[in-house]
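Close look at the chain arrangement
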Amino acid sequence: TISCASCHKQAFAFSDTALVSRGVEGGVTVRHSMRLVNARFSNEPKFFWNERAANLEVQTTIPIQDHVEMGFSGVNGRGNINSLVNKLGGINYYKEIFKSVYGDTIVTEVRLQESLAQFIRSIQSFDAKFDAGRALVNNERDPFPNFTNLENAGKNLYLAPPVFDGVGNRISGGAGCNGCHRAPEFDIDPNSRNNGIVGVIGSNAIETNNTRAPSLRDIVKADGTMNGRMMHTGQFTTIEAVLAHYNNIPNIAANNNLDNRLRADGVGNKLNLTATEVTQLVAFIKTLGGTNVYTDKKWSNPFLVQ
């Protein structure tokens, strides 16, 4: 009743517009579903928001075995991963495709992990306005000929590091986004720690170990339409709201894992972005949305007549 595509939908860059995604028998996920585009090119090898999976292969079968998400938990009368493997091994078309890949019809969890991970790695998005502009210049800091003045200004702000005074106030320079989300992939730096978002959906608890993030590509479609909520809590619905968070990092006493790049002397940094700078950054981030990822049939449902 639930597939990977139930929570990671092609129409939304393989994420979900809902705050939490529906699992089996009405259960819901505990975190917002992360976008999966360009997972192949991530510098951070670990997966899940809290990086509890050492690599993508390990990640792929954890939701399958989650009692709430996909249900093969082996708990309360439900089947386990071996039950799933046996079911798949009895389906003729899976026998055929496993034999074409592995030389025999044997289905195992390791082969499921390999196959799912390779499919996810195939989901790539590199046809954004940013990519067209990057191809026209020698390096990312050059003005892109296809960008508006607003977009080029936003790019400069994104790439340039900020200069702070002694107490965490930006006094010059850019916003420093590139320090954690490096161009051209815009993935999270593997050394990143918590970004100041410590909430837990549906609870007053605090969680400080969420340090993973998807690529910033395809936060929005090329037409500017949002692909869903942002952060593991799904608490932000606009790019402006995300920038407001980074503009004034909250000082939360219980957060002992705040990234050093976001604080000075133990206090959250203040970027002091002007309204104009926010507009410029939003314009640039919108150039990172492609088009093909939403429509290419190779990533679409193979069980539907195309």
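For the structure, check the block above.
Just so it is clear, the model here is predicted, and its values are computed rather than measured.

Structural notes on the environment of R134
- Here R134 shows up in helix α6 (residues 129-134).
- C-alpha of R134 to C-alpha of L159: the two residues are 25 residues apart in sequence and 14 Å apart in space.
- In this structure R134 touches N139, E140 and F144, once residues within four positions along its chain are discounted.

Here we look at the environment of P63
- Position of P63 among the secondary structure elements: in the loop between α2 (56-61) and α3 (81-89).
- Its relative accessible area of 12% is what places P63 among the buried residues.
- As a C-alpha pair, P63 and C4 span 59 residues in sequence and 8.4 Å in three-dimensional space.
- Leaving out residues up to four positions away in the same chain, P63 has contacts with F48, E69 and M70.

So, the nonpolar core
- Within the largest apolar cluster, 29 residues are counted, with the highest numbers of intra-cluster contacts made by F130, Y158, F186, I219, I239, L281 and F284.
- For this core, the secondary-structure elements that each account for two or more residues are α7 (149-159), α8 (239-247) and α9 (275-285).
- Per-element accounting of this core gives the leading share, 5 residues, to α9.
- Other than its neighbours up to four places away in sequence, F284 contacts F130, F147, E151, G154, K155, Y158 and F186.
- Counting residues in each nonpolar core, the second largest holds 15 residues, with F14, A39, L56 and A117 among its members.

Observations concerning the packing of α7 against α9
- Two numbers describe how α7 lies on α9: the axes approach to 7 Å, and their chain directions differ by 95°. Comparing the axis directions of α7 and α9 gives the class roughly perpendicular. In contact with L150, E151, A153, G154, K155, L157 and Y158 of α7, α9 contributes E277, T279, Q280, L281, A283 and F284.
- Per-class residue counts for the contact of α7 with α9 are 7 nonpolar, 3 polar and 3 charged.

Conventions adopted
Residues numbered from 1 in each chain as written. Predicted model: local features only at pLDDT ≥ 70, side-chain atom pairs only at ≥ 80, totals over all residues. Heavy atoms only, no water. Helix = DSSP H or I, 4+ residues; strand = E, 2+ residues; numbered from the N terminus. Contact = heavy atoms within 4.5 Å. Buried < 20%, exposed > 50% of the residue type's maximum accessible area, 1.4 Å probe, protein only. Core = buried A, V, L, I, M, F, W, Y, C linked by side-chain atoms within 4.5 Å. Axes fitted to C-alpha atoms, helices over the stretch in contact; angles between N-to-C directions. Parallel < 35°, antiparallel > 145°, perpendicular 65-115°, else oblique. Nonpolar A, V, L, I, M, F, W, Y, C, P; charged D, E, K, R; others polar.

Bear in mind that shape data such as this cannot, by itself, settle questions of function.
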